[in-house]
Amino acid sequence: MRTNNKLYWNSDLYPEGKVEVQVTLANYADNDNLCVGLIRPCEDNGNDWEPFTDLTVNQHSLPPFHAYVDNRDYNRGAHEFLIRYGIAQPVDFPFPEHNGFRLFKFNAGRLKELAPEYYPMIARKLPPDKNATETMEYKNRQYPVRKIKDAYGFYIISTPELENALREGERQGDAEASEIREGICHFCTEEEIGQLTDEELIEDITRGTTNNHAILSISSPQI
């Protein structure tokens, strides 16, 4: 149970006028929209947590970290709650309201801070940020690489151009080429490296389009 960043939901339904809650994160299955919910301590066992409410509702497809928020009935006060804790802010464009729900943009850093155990799950479905691609040098030439991870380990991905250079190096007896190629689990275009989500790349990897060393430790190879 996390004890930092305690959040409280104000409600007259509780003796103290508020209840402690924590943020949970997921994606809606049909369109990967962000789903944000709250959990609360179980009444019978304060060490366990149980569902409290879903703050978001799934409407049409939205950009990353955008979601419509339910502020009705039991969720009355949801807008103020999100703003007060710096979790999200209402947006006015392009569709500020839909079916009576208000569109909010959620603070990615705040979500990661409040729900670190859930955040990696939604982050895998997001387009990579501009710093996701690094470079690897081989024979005085730079090649793009990207490092991703899931529950099983780290994966390093690069381009067919590097694969071809490494295979040529192996044919010439270059031990470094073999070591580098053994550490790269998937080769795809530079555009795919820069645009595909972690989840999409991992799907490509698990479909078998990898070499035999797909799961890596973080220290091999050095980038």
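Below or above, wherever it landed, is the structure these notes cover. Everything numeric in this text was worked out from a predicted model, so none of it was measured. (Residues numbered from 1 in each chain as written. Predicted model: local features only at pLDDT ≥ 70, side-chain atom pairs only at ≥ 80, totals over all residues. Heavy atoms only, no water.)

### Description of the overall build of the chain
Here comes step 1: When its secondary structure is counted, the chain shows 7 helices and 13 strands.
Here comes step 2: On C-alpha atoms alone, the chain measures out to a radius of gyration of 22 Å, which is more than a quarter above the 17 Å that the 2.2 N^0.38 rule sets for 223 residues.
Here comes step 3: The dimensions of the chain, computed from C-alpha atoms along their principal axes, are 75 × 40 × 30 Å.
Here comes step 4: Long-range contacts, defined as pairs at least 24 residues apart, comprise 55% of the intrachain contacts of the chain with a sequence gap of at least 6.
Here comes step 5: In the structure as shown, the chain presents an accessible area of about 12,700 Å², 47% of it carried by carbon and sulfur atoms.
Here comes step 6: Computed over 23 positive and 37 negative side-chain charges, the inter-centroid distance for the chain is 3 Å. (Helix = DSSP H or I, 4+ residues; strand = E, 2+ residues; numbered from the N terminus. Rg over C-alpha atoms; globule rule 2.2 N^0.38 Å. Contact = heavy atoms within 4.5 Å. Areas by Shrake-Rupley, 256 points an atom, 1.4 Å probe, with all protein chains shown as cover. Lys, Arg positive; Asp, Glu negative; His and termini not counted. Charge placed at Lys NZ, Arg CZ, Asp CG, Glu CD.)

### Let's talk about the packing of aromatic side chains
Here comes step 1: A full pass over the atoms with the stated rule returns 6 aromatic pairs.
Here comes step 2: Through pairs of rings, three or more aromatic residues link up here, namely Trp9, Tyr14, Phe52, Tyr74, Phe81 and Tyr85.
Here comes step 3: In this arrangement the basic side chain of Lys18 is found over the ring face of Tyr8, its NZ or CZ atom lying 4.6 Å from the centre. (Phe/Tyr/Trp six-rings, centres within 6.5 Å; stacked < 30°, edge-to-face > 60°. Lys NZ or Arg CZ within 6 Å of the ring centre and 35° of its normal.)

### Regarding the nonpolar core
Here comes step 1: If you look at the biggest cluster of nonpolar residues, it comprises 29 residues, and the most contacted ones within it are Val23, Phe81, Ile87 and Phe106.
Here comes step 2: Secondary structure elements with two or more residues in this core: strand 1 (7-10), strand 2 (18-27), strand 3 (34-41), strand 6 (66-69), helix 1 (78-84), strand 9 (101-106), helix 2 (108-114) and helix 3 (119-123).
Here comes step 3: No other element matches strand 2, which puts 4 residues into this core.
Here comes step 4: The next biggest cluster of nonpolar side chains, apart from the first, holds 12 residues, and it includes Leu162, Ala165, Ala177 and Phe187. (Core = buried A, V, L, I, M, F, W, Y, C linked by side-chain atoms within 4.5 Å. Buried < 20%, exposed > 50% of the residue type's maximum accessible area, 1.4 Å probe, protein only.)

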